[in-house]
Amino acid sequence: MIFRKQTTTLVLTALLGFSCLFPQNTYAQTATETTTQATTDTSAESSSESNEETATEDSQEETTAEDSQEENSSELTSESQQQVLEQKLSATQKNVSLNHDRKNNKYGVIEPTITLNKKKISLERNKKFNLNAKIKYSSVKKIIWKSANKKIATVNKNGIVTARRKGNTIVTARIKGTNIQAECVVKVKKYVSMWVKTTGYCNCSRCAGPWAGSRTASGTRPKENRTIAVDRRLIPLGTKVQIGDEMYVAEDTGGAIKGKKIDIYYKSHRRAQSHGVKRQKIKVFY
């Protein structure tokens, strides 16, 4: 019994000493601080993990956006390429269609054309010229010919133009049933060229006979380098005629002057005789 009491006393004493060394408040404070620090560490770890998860999500979202942009860019590129291919295909089909239409010469797909062998011609009076028309891309080959002024020049159904008198006019060739046409400007010269036989005469009795010294058929006095005798059926009196570089006037007639023959007046019989007989090209101005 005594031993047990002593043992109990020693245990109680040891416990009291240990309690004194570590007060209860200090122990509680320490425990609280330890708990607080653990909680703080846990929160920091949770916050760090949350930040990492957020960063991971942002990275995933950026990657998704980049992938989406790449997909959109790829789609746009594909659409652009498709449009380019469609345009090329359309152009190719159009060219094929045009070539096919040209080969088959269909009216309406390619506008028909008509061209003339001359765009401008110059004719002397009573001279003729044949205009040739060429039609392309039309099944209609009928041509309507027309002259803007028939008094200056006429044209027949075959495109033959005839000059009537000096002036300018326009001859058109039109594809029948359309307004498609070609034009040619026709200029009718103020003179006519022809080859004639020329001789010389004077106002003496050997040349003029009973009419020696008289006036001309037109009533004027004959004059060298001006007066000529003509066939009035071919060249009317008063008409100007160019022979060589000299300009004459048809003022006289003669019994031997018929057709393409002209008698040129000279002041003396010797000069008239020296002219002889010549074949010359003249211009008759109407």
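Refer to the structure presented above.
Residues numbered from 1 in each chain as written. Predicted model: local features only at pLDDT ≥ 70, side-chain atom pairs only at ≥ 80, totals over all residues. Heavy atoms only, no water.

Before going further, it helps to spend a moment on the overall build of the chain. Helices and strands together make up the secondary structure of the chain, namely four helices and 15 strands. Counting all 286 residues of the chain, 25% fall into the buried class. If you take every contact in the chain between residues at least 6 apart in sequence, the share linking residues at least 24 apart comes to 60%. Roughly 20,400 Å² of accessible area belongs to the chain as shown, and the carbon and sulfur atoms make up 51% of that amount. (Helix = DSSP H or I, 4+ residues; strand = E, 2+ residues; numbered from the N terminus. Buried < 20%, exposed > 50% of the residue type's maximum accessible area, 1.4 Å probe, protein only. Contact = heavy atoms within 4.5 Å. Areas by Shrake-Rupley, 256 points an atom, 1.4 Å probe, with all protein chains shown as cover.)

In this section: the environment of P112. Note on placement: P112 falls in the loop between α2 (24-104) and β1 (113-116). Measuring from C-alpha to C-alpha, the distance between P112 and T178 comes to 9.4 Å, with 66 residues separating the pair along the chain.

Time to look at the sheet that holds strand β12 (residues 240-243). Spatially, β10-β14-β11-β13-β12-β15 is the arrangement adopted by the six strands of the closed barrel, whose pairing is mixed. Across the sheet, the axes of successive neighbouring strands diverge by a mean angle of 45°, strand direction being ignored. As paired strands, strand β11 (residues 227-229) and strand β14 (residues 261-265) are joined by two bridges and run antiparallel to one another. Paired with A229 across the bridge in β14 is D263. (Pairing = 2+ DSSP bridges. Axes fitted to C-alpha atoms, helices over the stretch in contact; angles between N-to-C directions.)

We now examine the pairing of strand β5 (residues 143-147). Of the two faces of β5, the one lined by I143, W145 and S147 is fully buried and the one lined by I144 and K146 carries no buried residue. Sheet topology note: the β5/strand β8 (residues 167-175) ladder contains five bridges and is antiparallel. Looking at the pairing, W145 lines up with A173 of β8.

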